[in-house]
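Structure at a glance
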Amino acid sequence: MAKKFKVEDLIKFPIAKNIKYWIIAPLAIIILAGIMFGVYAGVYKDAGKGMNIGIDFAGGSLATVALGDSVLTDATYSEYESLIRDAIESNENAEKVAAYAVSDEYAALYGKKLEGITATIAKAHITYSQTSGSGEEYAIVFKYDNVSKSYDSDNTLSTYRNEVIKQSIANALKEKFPDTDIDELQSMITYENIGATASAELIKTALICLAVSLALILVYIIIRFEIWSGLAAVIALIHDVAILIAMTIICHIQVNSAFVAAIITIVSYSINNTIVIFDRVRENLRNERKLNAKFDTAVILDNSVKHTLLRSINSTVTTMIPIVIFAIFGSSTVNEFALPVIFGLIAGFYSSMFISPSLYYVMSQAWEKHKANKTKIKTEAAAKPKYVGAKQ
């Protein structure tokens, strides 16, 4: 009779004793993220672009094209959205802005030329588009980044670029409405510079909340389990957030307020699998101690991971299914949340399976070794003959 297959049979290698192997992949991802950060920052001559800091943190521009509901309908939305998007992100516009930045005209107005600026730096990148208003005011609104603050601290160049974009959109619409005067088409287009909606205060608050959450998680797990479980779980959480950030940099996903929400989601979710595993570890250790048997901590950790493997796979997969669907069919704004969450879920599964048990083993064994050394020193000290002194 054939042996019944069990999911835990997939893991036939030691886990707890192999932390040196489990840290290779995370280290490689973090190193690659560092390299990509340098590449992106170098290309755009802006450290903020290294991590692709979005409009919520860096500010940007808003272009509104009021086509009216007689033109803009559900059937025509995609056509006009694509037409205007191409006009905003046009390479020709970027080249024109870059040329203006090094022109005598710019130098005469602002005192110097902006040497070193390129079309890549000057190009607009749309964050999202959506409809707004109703009736004759029914419009498509586009949100895009400003020119890097390294070159345009007062937004003078961004303002010029908006004028160029406005003209480009009007020219594109002229092809659709050849009988309409260009001035009338331009009157349908408005733009404005917008400040950062997610300020440094928001980032500071998010970091404080994250630190407090980690501290509370640590305290809870220490009370519920033991100190090594708590430390291993918190380090694993830090690993998950680090991988989430690293993959976001590598994929050059825009970092906006949705990204902060993704980090908070992962911190609140990825601890679950780790707690389940440590709960099984505690149960198995308790059973071994009741038997007064000599046990191998590494074996208990490995078995605990195997016994909870199916549960960890099920919880991760069922959570990822809707997130993956959002990432595939959602807008770019949705992707700024969905993709980091996917990275965090995968990192959380990996850390709960391999990083947490290995850390627990390393720390607990180091402590046991420390206690054994202290006991040995005390025993040797007690065994030494005491000096009484010479008789008078």
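Computed from a predicted structure; not experimentally measured. (Residues numbered from 1 in each chain as written. Predicted model: local features only at pLDDT ≥ 70, side-chain atom pairs only at ≥ 80, totals over all residues. Heavy atoms only, no water.)

**As for the overall build of the protein**
When helices and strands are counted, the protein shows 17 helices and four strands. Against the 2.2 N^0.38 benchmark of 21 Å for 392 residues, the protein shows a C-alpha radius of gyration of 30 Å, more extended than a compact globule. In terms of principal-axis extent, the alpha carbons of the protein reach across some 115 × 75 × 35 Å. When the 392 residues of the protein are sorted by exposure, 43% land in the buried category. Considering only residue pairs separated by 6 or more positions, the protein has 74% of its internal contacts joining residues 24 or more positions apart. Here the protein has roughly 21100 Å² of accessible surface; of this, 61% comes from carbon and sulfur atoms. (Helix = DSSP H or I, 4+ residues; strand = E, 2+ residues; numbered from the N terminus. Rg over C-alpha atoms; globule rule 2.2 N^0.38 Å. Buried < 20%, exposed > 50% of the residue type's maximum accessible area, 1.4 Å probe, protein only. Contact = heavy atoms within 4.5 Å. Areas by Shrake-Rupley, 256 points an atom, 1.4 Å probe, with all protein chains shown as cover.)

**Brief notes about helix 2 (residues 24–44)**
With 21 residues, helix 2 extends 30 Å between its outermost C-alpha atoms, agreeing within 8% with the 30 Å of an ideal straight helix rising 1.5 Å per residue. Within helix 2, burial applies to Pro26, Ala33, Tyr40, Ala41 and Tyr44. Buried residues along helix 2 cover an arc of 95 degrees about the axis, so they all sit on one side. The elements touched by buried residues of helix 2 are helix 1 (19–22), helix 3 (47–50), helix 8 (119–122), helix 12 (227–250) and helix 17 (332–383). (Expected span 1.5 Å × (residues − 1). Arc of directions from axis to C-beta.)

**A few points about the nonpolar core**
Across soluble globular proteins, you tend to see nonpolar side chains buried next to one another. In this structure, Phe278 and Tyr360 are the most contacted members of the largest nonpolar core, which totals 53 residues. Elements with a contribution of two residues or more to this core: helix 11 (200–224), helix 12, helix 13 (257–269), helix 14 (271–290), helix 15 (297–307), helix 16 (309–329) and helix 17. With eleven residues, the single largest contributor to this core is helix 17. Residues contacting Phe278, with those up to four places away along its chain left out, are Phe225, Ser229, Ala232, Ala233, Ser356 and Tyr360. Within the second largest apolar cluster, 23 residues are counted, among which are Val65, Leu72, Ala87 and Ile169. (Core = buried A, V, L, I, M, F, W, Y, C linked by side-chain atoms within 4.5 Å.)

**Points about the pairing of strand 1 (residues 60–66)**
By the criterion of burial, strand 1 is predominantly enclosed, with six of the seven residues buried. With seven bridges connecting them, strand 1 and strand 3 (residues 139–145) associate as antiparallel partners. Bridge assignment links Gly60 to a residue of strand 3, and that residue is Asp145. Pairing of strand 1 with strand 4 (residues 189–194) involves six bridges; the strand directions are antiparallel. (Pairing = 2+ DSSP bridges.)

**Overview of the pattern of salt bridges**
Overall, the coordinates contain four salt bridges when judged by the stated rule. Notably, a salt bridge pairs Glu81 with Arg85, separated by 2.8 Å at the nearest N-O pair. Taken together, the positions of Glu81 and Arg85, both in helix 5 (residues 77–88) and four residues apart, correspond to about one turn of that helix. (Salt bridge = Lys/Arg side-chain N within 4 Å of Asp/Glu carboxyl O.)

**Details of the packing of helix 15 against helix 17**
For any two helices packed against each other, the geometry is given by the interaxial angle and the distance between the axes. Where helix 15 meets helix 17, the axes come as close as 10 Å, and the angle between the chain directions of the two elements is 160 degrees. On the basis of their axis angle, the class for helix 15 and helix 17 is roughly antiparallel. The handedness of the crossing between helix 15 and helix 17 comes out as right-handed. For the pair formed by helix 15 and helix 17, the contact residues are Thr297, Ala298, Leu301 and Val305 on the first element and Met353, Pro357, Tyr360, Tyr361, Ser364 and Gln365 on the second. (Axes fitted to C-alpha atoms, helices over the stretch in contact; angles between N-to-C directions. Parallel < 35°, antiparallel > 145°, perpendicular 65-115°, else oblique. Left-handed = near helix turned anticlockwise from the far one by under 90°.)

**A short note on the packing of aromatic side chains**
By the definition in use, this model includes eight aromatic pairs. Pairwise contacts between aromatic rings join Tyr100, Tyr106, Tyr110 and Tyr160 into one cluster. (Phe/Tyr/Trp six-rings, centres within 6.5 Å; stacked < 30°, edge-to-face > 60°.)

**Examining the packing of helix 12 against helix 13**
Packing of helix 12 against helix 13 brings their axes to within 10 Å, and their N-to-C directions diverge by 150 degrees. With respect to each other, helix 12 and helix 13 are oriented roughly antiparallel. Once helix 12 is placed against helix 13, the crossing between them reads as right-handed. Residues Leu237, Asp240, Val241, Leu244, Ile245 and Thr248 of helix 12 form the contact with helix 13, whose participating residues are Phe259, Ala262, Ile263, Ile266 and Val267. Considering only residue class, the contact of helix 12 with helix 13 consists of nine nonpolar, one polar and one charged. (Nonpolar A, V, L, I, M, F, W, Y, C, P; charged D, E, K, R; others polar.)

**Observations concerning unusual backbone geometry**
Phi at Asn52 takes a positive value of approximately 55 degrees, unusual for a residue other than glycine. Position of Asn52 among the secondary structure elements: in the loop between helix 3 and helix 4 (55–58). For His252, which is not glycine, the phi dihedral falls at a positive 55 degrees. Looking at the secondary structure, you find His252 in the loop between helix 12 and helix 13.

**As for the environment of Lys20**
Tracing the backbone shows Lys20 in helix 1. Once the C-alpha coordinates of Lys20 and Ile355 are considered, the two residues, 335 residues apart in sequence, prove to be 9.9 Å apart.

**Considering the sheet that holds strand 3**
Taken together, the four strands give an open sheet; going across it, the order is 2-3-1-4, and neighbouring strands pair in antiparallel fashion. The sheet terminates laterally at strand 2 (126–132) and strand 4, the two strands that pair on one side only. Strand-to-strand, the axes of this sheet are offset by a mean angle of 20 degrees, without reference to chain direction.

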